[in-house]
Amino acid sequence: MKKATKVLTLALAMIMLAGVLTACGGGSKKGDTLTFGTNPEFPPFEFITSNGVIGEFDGIDMAIAKQIAEENGMTVAMESMEFDSLLVALQNGQIDAVIAGMTATDERRETVDFSTTYYTATQVMIVREDSDITKATDMADKKICVVQGYTGEVCVQEMGYSYEAFKKGTEAVLELVNGKCDVVVIDSATAQKYVGDNEGLKIVEDASAFESEEYAIAVQKGNTELLDKINASVEKMLSDGTINELAVKYTEEATAE
Ligand code: GLN
């Protein structure tokens, strides 16, 4: 090989190597985005608004997700889907994590890993103001509405009562307002929001029937790298009062509307 050809071959090889390096560099760019999945039908945790913290997404969870990404030098992305599809999308790798006011249940723990708890809630009953329901067993002969796939549905199922399941909390509450059902079983903070939004409703609690539920962020089973980052941020936000402040802010906004 002539010297000139050798130089040319070497130069070509270097250009190709640079190309490979760039391709790798480009590949790691995707790692700079932290993609969460949510179902924005669960105020005050996630809802759609004209000017949210992540584009049109707003709520306690959305502010938490944004801060987790920022603290880890990543850009936050949010994908909206049905509540029932969230854990499947996580397992498929379509999203990196789920933040959706999701209760860390033993059943869900079989397929995903959960972060440190960031909020404690409970199921409550929303009824019309003139209702005679004062405890969970009073639901026995009543028409019960729940939201499909929520822990509220599981609770009512376990109590052995029949019920009707709706896709959205707002749909179930509309049935109640219209007198087509007698009680909606749903998470406490979301119930407060719906009672604030609709005339003539009230909340009935029954601590002996509904256990407390712990909201946590889900990641793929075994993704300890991401889980450690999420936990570090969540623990910081819990200890410095950020999550508490967010809960107060979004709950006040919800009841002021
Ligand atoms: N906490 C309930 C559950 O995990 C409802 C969550 C939600 O609707 N986003 O099923």
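All figures in this text were calculated on a predicted structure; none of them were measured in a lab.

How should I be thinking about the layout of surface pockets in this particular structure?
Summary: where empty space remains is shown by rolling a probe the size of a single water molecule over the atoms. Its boundaries defined by the atoms lining it, the largest pocket holds a volume of some 700 Å³. At the level of secondary structure, the elements contributing two or more residues to the lining of the largest pocket comprise α3 (86-92), α4 (106-109), α5 (151-159) and β13 (212-215). Looking at the lining of the largest pocket residue by residue, the class counts come to 10 nonpolar, 8 polar and 9 charged.

How do you make sense of the site of the ligand when you look at a structure like this?
Taken together, the neighbourhood of the ligand is formed by Phe-42, Phe-83, Ala-100, Gly-101, Met-102, Thr-103, Arg-108, Gly-149, Tyr-150, Thr-151, Asp-187 and Tyr-215. For the ligand, an oxygen atom lies 3.0 Å from a polar atom in the side chain of Tyr-150. With respect to the ligand, the backbone of Thr-151 contributes an N or O atom lying 2.8 Å from an oxygen atom. Protein burial of the ligand: of its 290 Å² of free accessible surface, 100% is covered by the chains. According to the grid-proximity analysis, the pocket containing the ligand is the largest cavity. Split by residue class, the shell around the ligand holds 6 nonpolar, 4 polar and 2 charged.

I'm lost on empty space enclosed by the protein in this one. Help?
Summed over the entire model, instances satisfying the criterion amount to 1 cavity of 30 Å³ or more. Each pocket or cavity is described by its volume, and for the largest cavity that value is around 90 Å³. Lining the largest cavity we find Asn-39, Phe-42, Glu-46, Phe-83, Ala-100, Gly-101, Thr-103, Arg-108, Tyr-150, Thr-151 and Asp-187. In terms of residue class, the lining of the largest cavity is built from 4 nonpolar, 4 polar and 3 charged.

How should a negative patch on the surface be read in this particular structure?
Taken together, the side chains of Asp-106, Glu-107, Glu-110, Glu-158 and Glu-211 define an acidic patch exposed on the protein surface. Locating Asp-106 in the fold gives a position in helix α4.

Which parts of the structure should I look at to understand the packing of aromatic side chains?
The way to describe two aromatic rings as a pair is by their centre distance and the angle between their planes. Considering all chains together, one arrives at 9 aromatic pairs under this definition. Seen in terms of ring centroids, Phe-47 and Tyr-250 are 6.2 Å apart; in terms of plane orientation they differ by 70°. Their pairing is edge-to-face. Separated by 203 residues along the polypeptide, Phe-47 in strand β3 (residues 46-48) and Tyr-250 in helix α9 (residues 242-256) bring together distant segments of the chain. Like Phe-47, the residue Tyr-250 is buried in the burial classification. What links up through ring pairs into an aromatic cluster is the set Phe-42, Phe-45, Phe-83, Tyr-118, Tyr-119, Tyr-150 and Tyr-215.

How should I be thinking about the sheet that holds strand β1 (residues 33-38) in this particular structure?
Two orientations exist for strands paired in a sheet by backbone hydrogen bonds: parallel and antiparallel. Ordered in space as β5-β1-β6-β14-β7, the 5 strands form an open sheet in which the pairing is mixed. In the strand order of this sheet, the two ends are held by β5 (75-80) and β7 (112-114), each with one partner. Note that strand β6 (residues 97-98) and strand β14 (residues 218-220) share 2 bridges and pair antiparallel. Across the sheet, the residue bridging to Ala-97 is Val-219, located in β14. Contacts from helix α2 (residues 60-71) reach β1 and β5, with the element oriented near 145° to β5.

Any chance you could explain the packing of α2 against helix α8 (residues 224-239) here in plain terms?
Each pair of packed helices can be summarised by the angle the axes make with each other and by the distance between the axes. Two numbers describe how α2 lies on α8: the axes approach to 9 Å, and their chain directions differ by 120°. One way to sum up the angle between α2 and α8 is to call them oblique. Here the hand of the crossing between α2 and α8 comes out right-handed. Side by side, α2 and α8 meet where Ile-64, Gln-67, Ile-68 and Glu-71 of the first sit next to Ile-230, Ser-233, Val-234, Lys-236 and Met-237 of the second.

Mind showing me how you'd approach the pattern of salt bridges here?
Charged atoms that come close allow side chains of opposite charge to pair. Inspection of the entire model under this criterion finds 10 salt bridges. One salt bridge connects Lys-221 with Asp-113, and the closest N-O pair in it is separated by 3.1 Å. Linking Lys-221 in the loop between β14 and α8 with Asp-113 in strand β7, this pair joins segments that are 108 residues apart in sequence. A residue is classified by how much of its surface remains accessible, and Lys-221, at 46% relative accessible area, is partly exposed. Here Lys-135 makes a salt bridge to Asp-138, at a shortest N to O gap of 3.0 Å. For Lys-135, a relative accessible area of 38% puts it in the partly exposed group. Relative accessible area serves as the criterion here: at 19%, Asp-138 is assigned to the buried category.

Help me understand the nonpolar core in this model?
Considering soluble globular proteins, one finds that nonpolar side chains tend to be buried as a cluster. If you look at the biggest cluster of nonpolar residues, it comprises 64 residues, and the most contacted ones within it are Phe-36, Ile-64, Ile-68, Val-98, Ile-99, Ile-126 and Ile-217. Among the elements that line this core, the one with the most residues is α2, at 7 residues. In this view, Ile-68 contacts Leu-34, Phe-36, Ile-217, Ile-230, Ser-233, Val-234 and Met-237; residues no more than four positions away in its chain are not counted. Within the second largest apolar cluster, 14 residues are counted, among which are Val-127, Ile-144, Val-146 and Val-183.

How each quantity is defined
Residues numbered from 1 in each chain as written. Predicted model: local features only at pLDDT ≥ 70, side-chain atom pairs only at ≥ 80, totals over all residues. Heavy atoms only, no water. 1 Å grid on protein atoms, 1.4 Å probe; cavity = no way out; pocket = protein on both sides within 12 Å on 5 of 7 lines; lining within 4 Å. Points joined across faces, edges and corners; volume = space filled by probe spheres on them. Helix = DSSP H or I, 4+ residues; strand = E, 2+ residues; numbered from the N terminus. Nonpolar A, V, L, I, M, F, W, Y, C, P; charged D, E, K, R; others polar. Near = heavy atom within 4 Å. Polar contact = N/O pair within 3.5 Å; in protein donor to acceptor, adjacent residues only side chain to side chain. Areas by Shrake-Rupley, 256 points an atom, 1.4 Å probe, with all protein chains shown as cover. Sits in = over half its atoms within 2 Å of the grid points. Patch = residues over 30% accessible without salt bridge, like charges linked within 9 Å, V, L, I, M, F, W, Y side chains within 5 Å. Salt bridge = Lys/Arg side-chain N within 4 Å of Asp/Glu carboxyl O. Lys, Arg positive; Asp, Glu negative; His and termini not counted. Charge placed at Lys NZ, Arg CZ, Asp CG, Glu CD. Phe/Tyr/Trp six-rings, centres within 6.5 Å; stacked < 30°, edge-to-face > 60°. Buried < 20%, exposed > 50% of the residue type's maximum accessible area, 1.4 Å probe, protein only. Pairing = 2+ DSSP bridges. Contact = heavy atoms within 4.5 Å. Axes fitted to C-alpha atoms, helices over the stretch in contact; angles between N-to-C directions. Parallel < 35°, antiparallel > 145°, perpendicular 65-115°, else oblique. Left-handed = near helix turned anticlockwise from the far one by under 90°. Core = buried A, V, L, I, M, F, W, Y, C linked by side-chain atoms within 4.5 Å.

Keep in mind that these numbers describe shape and distance, not what the molecule does.
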